[in-house]
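So you can see what is in the structure, the chains are spelled out below.
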Amino acid sequence: MGDDHTMTAPALRARAPSTRYVEVLSPGRPSPYRTREGVVRLGRDAGNEVVIEDPFVSRVHLEVRIFPHGVEVVDLDTKNGTFYQGARIRELAVRDEVTLQLGKQVTVRVRVGDDAPAVKPTPKTDGELVGDSAPMQRLRMALSKLAPSHLTVLIEGETGTGKEVVARAIHRLSPRAAKPFVVFDCAAVSPSLIASELFGHVKGAYTGAVGASEGAFRAAHGGTLFLDEIGELPLELQPALLRALEARQVKPVGGDGYVSVDVRVVAATNRSLDAEVEAARFRKDLLFRLAVGRVKVPSLKARPDDVPTLAAHFASLLGATLSAPVLAQLAARAWPGNVRELRNEVDRAVMLSGGHGAHVTSLDPFGDDEDDDGDVPAVAPAEALRTAMASDDGQKLLALSFQDAKQEAVDRFEREYLLRLIESTNYNLSEAGRRSGVHRRYLRELFKKHDIDLAALRAKR
């Protein structure tokens, strides 16, 4: 069963739907795992739909991917491989039933059925986890089990999938909900300051330390510390984090002793920490300590049916509604930036359509697309567009595609609007929200999107 026998099945061809569900039978399960849609993951990690406790099976070893036109199994470049009829495979189409060997000795069976067994409903866990697709139901089920525990949790997922939302859900559903939830972004702090920001420092510990600081661990005492982008943590600081996790003690920079802390750690990454370990950029023992509980947030590509629901939800948070054609346009798009990109698009459309109370009938207010009633939506005056474009170099614009040039104009308009809005309110975000009809929470997101530092602007008054 060596790599010289590797084969890749041809891609699945679109055909009329002939399947109703997929079941996976594996060791340790008294009954098959059944589902109608989505992706079924098999491996050692507790976050998989099918957990296989075997040392020669990878943490996430195999995926069974279910499409309207068929089913395929995909080996995730595992060390010990997946085998079908004695040959190592990477992809294999499943027409009815296949028996696979994972690693050295585990046998699983994947069968495509024609009937539609009842799917056990998954408990809802948090109002911000929007969507009823199979991947989201599996995520809710995992969180319903992990959140009430005291386990350290590693959240994995692409950029923009909502890993912080998941972390906050874990906190809210835990016994620590009434205690602090502290966010520490490992990618946003200078490497030279991470130790101080995480563990605190004493007065005079370094140049500029004019006072003592408790650090993120002590600030989260009794509650949850969310370590975002944990894959960016420098290798030389990882032993100190490992000690904090194992001993529940931190040593402030410049201090003489350790301070006990009671903190649950939830970490997130958009990297493969397993690959980082292989590349010697991340400690294996730290990964094991972080990934006691492990969940993966699905990309928007993996749950396209949730796009209209998410879009309508984001609009409702701003007191707005989206027309059916707008929802259809959003559902038809690819979202490489995931939920964050979708939310930004909805926020922009709502703001340009008048803010709170708007009924958005177009995603293209500066174009000539028509709304539901056949009228051209007048969501922004032509003068606003001319102002936004005034500083543009004509040749530079002509070098761009129409869509890129239009997006640049819209971005400039947004930035100019935000700057004038906040200046007119004497940098009062709440007043800016009232005047614009946009909730202050989402105004913050827009300022962040355009790299507008409110604290710096206030300081220059």
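Before any of the text, the structure's been laid out above.
Model, not experiment: these values are computed from the prediction. Going along each chain's sequence as written, the residues are numbered from 1 onward. Thresholds applied to this predicted model are a pLDDT of at least 70 for local features of residues and 80 or more for the giving and counting of side-chain atom pairs; totals over whole chains, interfaces and linings are not thresholded and use all residues. In computing side-chain properties, one takes all heavy atoms of the structure into account and sets aside hydrogens as well as water.

Here, any two strands with at least 2 DSSP bridges between them count as paired. Per the convention used, a helix needs a DSSP run of H or I reaching at least four residues, while a strand needs a run of E reaching at least two, with both numbered from the N terminus. One open sheet accounts for 6 strands, arranged β2-β1-β11-β10-β7-β8; its pairing is antiparallel. Both edges of this open sheet fall to β2 (33–35) and β8 (87–89), since each of them pairs with a single strand only. When strand polarity is set aside, the average angle formed by the axes of neighbouring strands in this sheet is 30 degrees. In this analysis, axes come from line fits to C-alpha atoms, helices being fitted only over the stretch in contact, and the angle between any two N-to-C directions falls in the range 0 to 180 degrees.

Right, let's talk about the pairing of strand β14 (residues 224–228) for a bit. Working definition: with a 1.4 Å probe on protein chains only, accessible area under 20% of the residue-type maximum means buried, over 50% means exposed, and in between means partly exposed. Within β14, 5 of the 5 residues are buried, leaving the element largely enclosed by the surrounding structure. Two strands pair when backbone bridges link them, and strand β13 (residues 181–185) and β14 are joined in this way by 5 bridges, in the parallel orientation. Paired with V183 across the bridge in β14 is F226. Across 4 bridges, β14 lies against strand β17 (residues 264–269) in parallel orientation. Looking at β17, one finds that F226 is bridged to V266.

Each cavity reported here is a set of points on a 1 Å grid over the protein atoms alone in which a 1.4 Å probe fits but cannot get out, each pocket an open set with protein on both sides within 12 Å along at least five of seven lines, and each lining residue one with an atom within 4 Å of a point. Grid points are joined across faces, edges and corners, and a volume is the space filled by probe spheres set on the points. Roughly 1,300 Å³ of internal volume is contained in the second largest pocket. In this structure, the second largest pocket is lined by 40 residues; those nearest its centre are E164, V165, R340, R343 and E445. If you list the elements that add at least two residues to the lining of the second largest pocket, you get α1 (134–146), α2 (163–172), β13, β14, α8 (307–317), α10 (338–352) and α15 (440–449). Of the residues forming the lining of the second largest pocket, the biggest block, 7 residues, is contributed by α2. Asp, Glu, Lys and Arg are counted as charged, while Ala, Val, Leu, Ile, Met, Phe, Trp, Tyr, Cys and Pro are counted as nonpolar; the rest, among them Gly, fall into the polar class. For the lining of the second largest pocket, the residue count by class is 15 nonpolar, 8 polar and 17 charged.

Any link to function would need more than the numbers given here.
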